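Close look at the chain arrangement
If you want the building blocks of each chain, they are given just below.
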Amino acid sequence: MAYSDKVLDHYENPRNVGSFDKSDGHVGTGMVGAPACGDVMKLQIKVNEQGVIEDARFKTYGCGSAIASSSLLTEWVKGKTLDEAGQIKNTDIAEELALPPVKIHCSVLAEDAIKAAIADYQSKSGSGDVAAESA
Amino acid sequence: MSVQVPIYLDYSATTPVDDRVAQTMCRYLSREGVFGNPASRSHVFGWQAEEAVEQARANVAALVGADPKEIIWTSGATESDNLAIKGAAHFYQKKGRHLVTVKTEHKAVLDTMRQLEREGFEVTYLEPESNGLLDLGKFEAALREDTIVASVMHVNNEIGVVQDIGAIGEICRSRGVVFHVDAAQSAGKEPIDLSNLKVDLMSFSGHKVYGPKGIGALYVQRKPRVRLEAQMHGGGHERGLRSGTLATHQIVGMGEAFRIAREEMAEESVRVRGLRERLWAGLSQIDEVYLNGDLERRVAGNLNVSFNFVEGESLIMALRDIAVSSGSACTSASLEPSYVLRALGRNDELAHSSIRFSMGRYTTAEEIDYAVELIKEKVAKLREMSPLWEMYQDGVDLESVQWAAH
């Protein structure tokens with residue numbers, strides 16, 4: 001199967017691979033997917049006092065498109081408010097990476113991952129102190 | 001010694017045509033060569049082509065201990081499987097309408113069985129043991145009064161395990177069941193002596209044995225005689241079992257490939273087995289790798305390994321310098337892991353993480369060493385990226401995690 005240059009680039013040189021301390025109050029963790037389905041994505045965001053994502057990390061078990069989707073996502077969310085990050089759509093990711101139809105689920109998983117990470121952060125910090133309740 | 005990449009380690013998918021085979025084939029195509037229709041009886045062009053076809057038939061028969069009259073040319077093992085199973089089922093359907101096969105068969109057998117089910121036949125799909133081998137007691141128990149055909153492959157295409165077709169044949173013969181064997185992956189690699197086997201029908205492929213693609217053969221036993229209903233109608237070629245002008249160049253190619261295999265098989269399989277052992281010795285040093293299928297009763301050139309916590313497709317992508325195949329059919333929308341590994345009872349993660357390495361005539365020890373180093377490096381890299389590996393390292397029991405299946 002032919003991969004787009006962008007998928008290959010993210011796959012060969014993945015951005016922001018790694019982990020933050022899950023118990024850190026500034027860190028939100030989203031883990032989505034299932035090994036049985038062949039994809040598991042873990043996305044972590046580090047959020048500052050202003051509700052802006054300062055840093056992000058990922059680890060992904062999955063095909064090249066899943067790895068590229070999560071790598072791209074970590075680039076995109078950095079510097080965004082939680083609200084803005086929550087607006088990222090799977091279609092944006094699929095378009096940027098030129099994913100073929102059979103790989104669209106990889107971008108869906110990435111969207112699920114950022115939503116889950118935001119929700120985790122909000123549940124930890126108490127949803128009142130961030131301006132992203134609509135997300 | 002330097003290694004040229006990409007390295008071909010997918011001999012179970014297909015093999016390059018041996019130079020000797022290609023040269024032989026070239027003599028049966030153009031005006032200067034033997035281009036006649038082997039069915040032309042009225043001139044020397046036809047006679048020469050017919051002679052070449054019969055010589056090739058004798059070469060194929062000789063490799064597997066058959067009489068040349070028992071060999072029918074087809075377009076490949078898929079067609080042979082179709083002709084054998086549908087042909088026998090249709091011919092013997094007045095005796096019964098039940099067939100038996102195994103879940104790990106090639107799709108050419110499984111899909112043919114599905115078609116017969118649509119026609120009203122009943123099929124039992126047996127589960128192999130966790131090492132991929134069929135339990136003979138379970139096989140015998142599956143045979144019924146109305147069972148007419150059983151189909152069990154000799155060597156499995158994904159995991160390389162060798163079924164005991166001698167014993168299965170004895171059971172079938174004693175119960176009056178027609179026994180078909182798909183030998184696409186075993187001919188030229190495992191010894192086959194049909195004069196001593198109770199096998200009624202056996203499928204062969206040209207391109208798995210350094211012959212050309214698009215040619216195969218079906219062994220149809222004469223004593224005792226097994227009957228088939230033709231699936232392809234026309235000029236009555238091949239004793240009426242398979243009409244269509246014989247592809248002389250393909251046939252002589254397969255004949256030459258089988259002739260070479262007969263001469264070189266014994267030596268070659270020792271050498272290839274050594275390469276397989278070298279590969280496994282290297283890969284088994286990696287943490288959390290699992291061999292799929294029995295190691296002892298296995299064809300020389302196959303190794304199927306699951307790299308736990310690494311997804312197969314991403315590993316194949318990382319291993320661009322070596323041509324291998326993944327059990328995980330991740331390219332399909334269904335995301336189904338290998339049905340063969342599933343039938344062995346492998347869990348989904350391991351089935352998704354499997355790679356088939358298959359080596360053959362032109363594989364070298366240097367290539368194996370290069371592959372081992374590359375795999376070690378890439379598996380480590382992907383595991384660094386794998387949340388499952390991280391959890392495993394942290395002592396998390398992955399079975400106990402509530403996953404959000406998607």
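Residues numbered from 1 in each chain as written. Chains lettered and ligands numbered in written order. Predicted model: local features only at pLDDT ≥ 70, side-chain atom pairs only at ≥ 80, totals over all residues.

What follows covers the overall build of chain A. Each helix and strand in chain A was counted, giving five helices and three strands. Ordering the α and β elements of chain A from the N terminus gives α-β-β-β-α-α-α-α. Taken over the C-alpha trace, chain A has a radius of gyration of 14 Å; the compact-globule value for 135 residues is 14 Å, and the two agree within 12%. Once the C-alpha set of chain A is aligned to its principal axes, its extents read approximately 45 × 25 × 25 Å. A buried classification covers 48% of the 135 residues belonging to chain A. Across chain A, contacts joining residues at least 24 apart in sequence account for 64% of those joining residues at least 6 apart. (Helix = DSSP H or I, 4+ residues; strand = E, 2+ residues; numbered from the N terminus. Rg over C-alpha atoms; globule rule 2.2 N^0.38 Å. Buried ≥ 20, exposed ≤ 12 C-beta atoms within 10 Å, placed from the backbone. Contact = placed C-beta atoms within 7 Å.)

With that settled, the discussion passes to the packing of helix H3 (residues 77-91) of chain B against helix H4 (residues 107-118) of chain B. Between two packed helices, what matters for the description is the angle formed by their axes and the separation of those axes. Residues and elements named next belong to chain B. Where H3 meets H4, the axes come as close as 9 Å, and the angle between the chain directions of the two elements is 35 degrees. Once H3 is placed against H4, the crossing between them reads as right-handed. Counted together, Ala77, Thr78, Asp81, Asn82, Ile85, Lys86 and Ala89 of H3 and Ala108, Val109, Thr112, Met113 and Leu116 of H4 form the full contact between these two elements. Per-class residue counts for the contact of H3 with H4 are seven nonpolar, three polar and two charged. (Axes fitted to C-alpha atoms, helices over the stretch in contact; angles between N-to-C directions. Left-handed = near helix turned anticlockwise from the far one by under 90°. Nonpolar A, V, L, I, M, F, W, Y, C, P; charged D, E, K, R; others polar.)

With that settled, consider the sheet that holds strand S9 (residues 289-291) of chain B. Pairing between the strands of a sheet is mediated by backbone hydrogen bonds and can be parallel or antiparallel. Residue and element names in this part refer to chain B. In space, the four strands of this open sheet follow the order S9-S10-S13-S12, with antiparallel pairing throughout. Across the chains shown, the open sheet's two edge strands, defined by having one partner strand only, are S9 and strand S12 (325-326). Against the sheet, helix H7 (residues 248-283) engages S9, strand S10 (302-307) and strand S13 (354-358), with an angle of about 10 degrees to S10. (Pairing = 2+ DSSP bridges.)

In this complex, chain A contributes 25 residues to the contact, which on the side of chain B involves 26 residues. For the side of chain A that touches chain B, the elements supplying multiple residues, two or more each, are strand S1 (27-34), strand S2 (39-47), strand S3 (53-61), helix H2 (64-77) and helix H5 (104-125) of chain A. No other element matches S1 of chain A, which puts four residues into the side of chain A that touches chain B. Per-class residue counts for the side of chain A that touches chain B are 16 nonpolar, seven polar and two charged.

The subject of this paragraph is the packing of helix H1 (residues 5-12) of chain A against H2 of chain A. Residues and elements named next belong to chain A. Contact geometry for H1 and H2: axes closest at 8 Å, N-to-C directions at 80 degrees. In terms of orientation, H1 lies roughly perpendicular with respect to H2. For the pair H1 and H2, the contacting residues are Lys6, Val7, His10 and Tyr11 in the first and Gly64, Ser65, Ile67, Ala68, Ser71 and Leu72 in the second. Split into classes, the residues belonging to the contact of H1 with H2 amount to five nonpolar, four polar and one charged. (Parallel < 35°, antiparallel > 145°, perpendicular 65-115°, else oblique.)

Below, the discussion takes up the nonpolar core. Across soluble globular proteins, nonpolar side chains have a tendency to be buried as a group. Residues and elements named next belong to chain B. Counting residues in each nonpolar core, the largest one holds 152 residues, and the members touching the most others are Ala88 and Tyr219. When residues in this core are grouped by element, the largest group, eleven residues, is from H7. Leaving out residues up to four positions away in the same chain, Ala88 has contacts with Ile148, Val149, Val178, His180, Leu201, Val226 and Leu228. (Core = buried A, V, L, I, M, F, W, Y, C linked by C-beta atoms within 7 Å.)

All names here are of chain A. The strand order across the open sheet built from three strands is S1-S2-S3, with neighbouring strands paired in antiparallel fashion. For this open sheet the edge positions go to S1 and S3, each flanked by a neighbour on one side alone. Strand-to-strand twist across the sheet, computed as the mean angle between neighbouring axes with direction ignored, equals 10 degrees. For S1 and S2, the ladder comprises eight bridges, and the chain directions are antiparallel. Among the inter-strand pairings, Val32 is bridged to a residue of S2, identified as Met41. Packing against the sheet, H2 makes contact with S2 and S3, and its axis sits at approximately 175 degrees to S3. Strands S1 and S2 of the sheet are contacted by H5, whose axis makes an angle of about 145 degrees with S1.

Now for the confidence of the model for chain A. Fine structural detail should not be taken from predicted coordinates in areas where pLDDT scores are low. For chain A, per-residue confidence averages 90 on the pLDDT scale, and 93% of positions sit at 70 or higher. Every residue in residues 128-135 of chain A scores below 50 in pLDDT, and together they form 19 contacts with partners more than four places removed in sequence or on other chains. (pLDDT = per-residue confidence, 0-100.)

Another aspect to go through is the confidence of the model for chain B. Mean pLDDT over chain B stands at 95; residues scoring 70 or higher make up 97%. Interface predicted TM-score (ipTM) for the complex: 0.90; the corresponding pTM is 0.91.

This paragraph deals with the pairing of S2 of chain A. Residues and elements named next belong to chain A. Counting buried residues in S2 gives eight out of nine residues, a clear majority hidden from the surface. Between the antiparallel neighbours S1 and S2 lie four residues, among them Gly38 with a positive phi of about 90 degrees. Between S2 and S3, which pair antiparallel and follow one another directly, the connecting turn spans five residues, one of which, Gly51, has a positive phi of 80 degrees.

Another aspect to go through is helix H6 (residues 165-175) of chain B. Residues and elements named next belong to chain B. Inspection of H6 places Ile165, Ile168, Gly169 and Cys172 among the buried residues, and these make up the whole buried set. Burial along H6 is one-sided: seen end-on, the buried residues are contained in an arc of 100 degrees. Exposed residues on H6 whose side chains face more than 90 degrees from its buried face are Gly166 and Ser174. Summarising the contacts, the buried residues of H6 are in contact with helix H5 (136-142), strand S5 (147-151) and strand S6 (178-182). Gly176 sits one or two residues past H6 and shows a positive phi near 70 degrees. (Arc of directions from axis to C-beta.)

So, about unusual backbone geometry. Residue Pro6 of chain B is bonded to the preceding Val5 of chain B through a cis peptide linkage, with omega at -5 degrees. Tracing the sequence through the fold places Pro6 of chain B in the segment before strand S1 (7-8). Omega for the bond connecting Lys223 of chain B with Pro224 of chain B falls within 30 degrees of zero, at -5 degrees, which places this linkage in the cis form. Mapping Pro224 of chain B onto the fold places it in the loop between strand S8 (216-220) and H7. With phi around 60 degrees, Asn16 of chain A is a residue other than glycine that occupies positive phi space.

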